[in-house]
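# Descriptive structure summary
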Amino acid sequence: MLYPIELRALGGVKPHCKPCGSVRSRLMLRSPTTPDNASGAPRGASASSRAVASLAPILVLSFLASISTGAVNNGVFFIAKEQYDFGRLPSAWLGLLVGGVYIPAALLIGPALRTLIRRHTFITSRRVLVALMVVMAMLCALPSLMAHELAIWLFVILYIPLMGALWPIAEAYLSGGRRGDDLRRATSSFNLVWAIAVAAAAWGMAPLLQIGKPLYILLGLGVIHLICIAPVLRLPNEPRKHVDESHEPHPASFAGLLLCFRWLLVLSYILLATLNPIMPWRLDLLGMDIGWQTPLVSTWMVSRVGMFWLLGRWNGWHGRWRTPLWSGGLLLGGFLGVLLATSVPGVIVALALFGVGVGTIYAAGLYYAMEVGSAEVEAAGKHEAVIGTGYTIGPMLVIAALMFTRHQSEVSESFPMTLSGLTLGASAIVIFFAVRSGRRAMKKARGDR
């Protein structure tokens, strides 16, 4: 799932879509033709008349909603396996559906909501949030009411787009009216809150998986969505207008590092989307009890939180090209370790390294995007489609590996080796574009000076 502030790591603070990353389709609800309109409010509304949203309810909302969306993005495969006995191939197709639904949601849901808010005075961002919470809560009950595996497919098709509609509004409240150190502090708090919530969701799922009640997880998430209404009601009707910062001159290398980390962020989503569908099967082969599988998977989420905290306090990685080298190496090495490790401790170590890579790439991308400024980046809508494509490429690699090894047994080493080879090929392509884009950006930055 693509989380809202991740847009800055992709280049820009305008239209944003989770899953997402998260998977979250985040198109900032701003009308390009109404400068005073931070979230699609009617033209006559004065930006100055809207108070800056208090940070506390935003963080509470973000924590609660991230438990739910994190559990869906990372845990739906465990739910499908335990409830419907999904194997590797159905799980891969389910992952492909997540990515496939995410792309149109990223590109269409934000503008659609923005138009509704602009045309109908009774529709406000706060009311949209309340409506989203109610509908998402109802969808969480769908698999329990429909005794067929079709329910989990319908749930993903309907829930993921609404997840994509939720987070751009929340991010608009977070950033609206804030700038400078105030915005940076709010962003840092937000990132730590959602990252901790995603890890907590993995632990919260474990007891219900252990007792064989996986659909109770979704029912619990539905309750969480209803609880989210309380902090939503503490928000103003509309977020304040986003305040663009003036950016101090930065070293020429920063433009190249920004583009390099953008591509590495895309790679991180490809690798994450590759791992998600196969983790239940992978841990089963290692003899891991179902009650400990999602906590074990949370290893990378916890190490990501640790990197968010560390990089926020250590400046030794700024402006250095070795940072994308070691973070990208840990990302890819951790991924391969998860696929090829022959023991549970080996998988834990590999997941921890993977999380260090993911957390560093995310934090660095965000840092350089804020330092370089939005004027030097491309339109964010294209990046949302790229991220959605990343979520789609991962499951496609799994499906391709399964097709190449379809005559092999479940315990055969052919599948992880084949998937590793396919992933290395895809990674090489992304890294090539990362290096090329970084070099071009540096040359352009030097030429402009």
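Let me begin by describing the structure that accompanies this report.

## A few points about helix α9 (residues 214-227)
Here α9 contains 14 residues, and its C-alpha end-to-end distance of 21 Å stays within 8% of the 20 Å for a straight helix at 1.5 Å per residue. Among all positions in α9, only Pro214, Leu215, Ile217, Leu218, Leu221, Gly222, Ile224 and His225 are buried. The buried side chains of α9 occupy one side of the element, clustering within an arc of 160° when seen end-on. Summarising the contacts, the buried residues of α9 are in contact with α3 (55-84), α5 (125-140), α6 (142-145), α7 (150-175), α8 (180-210) and α10 (229-232).

## Focus on the packing of aromatic side chains
What the rule picks out here adds up to 19 aromatic pairs. A ring pair is formed by Phe86 and Trp153, whose centres lie 5.7 Å apart and whose planes are at 35°; its orientation type is tilted. Of this pair, Phe86 sits in the loop between α3 and α4 (88-119) while Trp153 is found in helix α7, placing the two residues 67 residues apart along the sequence. Residue Phe86 is classed as buried on the basis of its relative accessible area, which comes to 5%. Residues Phe308 and Tyr362 carry aromatic rings whose centres are separated by 5.0 Å and whose planes lie at 40° to one another, so their mutual orientation is tilted. Within this pair, whereas Phe308 is found in helix α12 (residues 290-311), its partner Tyr362 is found in helix α14 (residues 344-372), the two being separated by 54 residues in sequence. For the residue pair Phe308 and Tyr362, the accessibility class agrees, reading buried in each case. Through a chain of ring-to-ring contacts, three or more aromatic side chains come together here, namely Phe254, Phe261, Trp317, Tyr367 and Tyr368. Between the NZ or CZ atom of Arg88 and the centre of the ring of Phe415, over which it lies, the distance is 4.7 Å.

Conventions we followed
- Residues numbered from 1 in each chain as written.
- Predicted model: local features only at pLDDT ≥ 70, side-chain atom pairs only at ≥ 80, totals over all residues.
- Heavy atoms only, no water.
- Helix = DSSP H or I, 4+ residues; strand = E, 2+ residues; numbered from the N terminus.
- Expected span 1.5 Å × (residues − 1).
- Buried < 20%, exposed > 50% of the residue type's maximum accessible area, 1.4 Å probe, protein only.
- Arc of directions from axis to C-beta.
- Contact = heavy atoms within 4.5 Å.
- Phe/Tyr/Trp six-rings, centres within 6.5 Å; stacked < 30°, edge-to-face > 60°.
- Lys NZ or Arg CZ within 6 Å of the ring centre and 35° of its normal.

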